[in-house]
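# Close look at the chain arrangement
This is what each chain is made of:
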Amino acid sequence: MYNSRKKPMDEIPEEITTVWNCVSDTCNGWMRDNFAFSVEPTCPICGSAMVKGEKKLAVLNNTSFNHTKQS
């Protein structure tokens, strides 16, 4: 008989995060604001414009040294 002793999973901390959402009805693209390369990015999937919004996401820090947004 197999006895599994699974460890309980730790809860992943979440917070309200600023994101960019694609405006196209046929695309579900989005990206975190702190990972965007420009001040007003275009969707990397379909090329449409994007608008700012918020999502409850796992905490993730951008540690890139060259994280500066271009216009």
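Preceding block: the structure.
Keep in mind that what you see is a predicted model, and the values were worked out from it rather than measured. (Residues numbered from 1 in each chain as written. Predicted model: local features only at pLDDT ≥ 70, side-chain atom pairs only at ≥ 80, totals over all residues. Heavy atoms only, no water.)

## As for the overall build of the protein
Let me state the cut-off plainly: Secondary structure is summarised from DSSP: a helix means a run of H or I of at least four residues, a strand means a run of E of at least two, and numbering begins at the N terminus for each. The contact rule is simple, with two residues in contact once any of their heavy atoms fall within 4.5 Å. Where accessible areas are quoted, they stem from the Shrake-Rupley method and a 1.4 Å probe; at the residue level, only the protein chains shown are allowed to cover.
In terms of helices and strands, the protein carries 0 helices and 3 strands. Reading the protein from its N end, one meets helices and strands in the order β-β-β. Intrachain contacts of the protein at a sequence separation of at least 6 include 64% that bridge at least 24 residues. A total accessible area of about 6300 Å² is found for the protein, and carbon and sulfur atoms account for 51% of it.

## Examining the nonpolar core
Rules: The term nonpolar core refers to a set of buried residues drawn from Ala, Val, Leu, Ile, Met, Phe, Trp, Tyr and Cys, joined through side-chain atoms within 4.5 Å. Burial classes follow relative accessibility: with a 1.4 Å probe on protein chains only, a residue under 20% of its type's maximum area counts as buried, one over 50% as exposed, and anything between as partly exposed.
One finds W20, C22, C27, M31, A36, C43 and M50 forming the largest nonpolar core, which totals 7 residues. The contact partners of M50, leaving out residues within four places of it in the chain, are W20, N21, C22, V23, G29, W30, M31, P41, T42, C43 and P44.

## Thoughts on the sheet that holds strand β3 (residues 50-58)
Hydrogen bonds between backbone atoms are what pair the strands of a sheet, whose relative direction is either parallel or antiparallel. What counts here: For two strands to pair, DSSP has to find at least two bridges joining them. Lines are fitted to the C-alpha atoms to define the axes, a helix being fitted only along its stretch in contact, and any angle between axes, read from their N-to-C directions, falls within 0 to 180 degrees.
One open sheet accounts for 3 strands, arranged β2-β1-β3; its pairing is antiparallel. Both edges of this open sheet fall to β2 (30-32) and β3, since each of them pairs with a single strand only. Taking the axes of each pair of neighbouring strands and ignoring which way they run, one obtains an average angle of 35 degrees across the sheet.

## Observations regarding the pairing of strand β1 (residues 14-22)
Bridge count for β1 against β3 is 9 bridges, and the pairing is antiparallel. Note on β3: the bridge partner recorded for N21 is V51. Where β1 and β2 come together, 3 bridges link them in antiparallel fashion. Paired with N21 across the strands is W30, a residue of β2.

## Brief notes about the state of the cysteines
Here is the rule: We call a pair of cysteine sulfur atoms a disulfide when they lie within 2.5 Å.
Enumeration over the complete set of coordinates arrives at 0 disulfides. Free cysteine: C22, not disulfide-bonded; nearest cysteine sulfur from C46 at 3.5 Å. Its sulfur unpaired, C43 is 3.6 Å from the next cysteine sulfur, which belongs to C27. Judged by its relative accessible area of 4%, C43 is buried.

## Quick look at the environment of L60
Structurally, the position occupied by L60 is in the segment after β3. Look at L60 and you get partly exposed, because its relative accessible area is 46%. Sequence separation between L60 and P13 is 47 residues; the distance between their C-alpha atoms is 9.4 Å. Ignoring anything within four residues of it in the chain, the contact list for L60 reads R32, N34 and F35.

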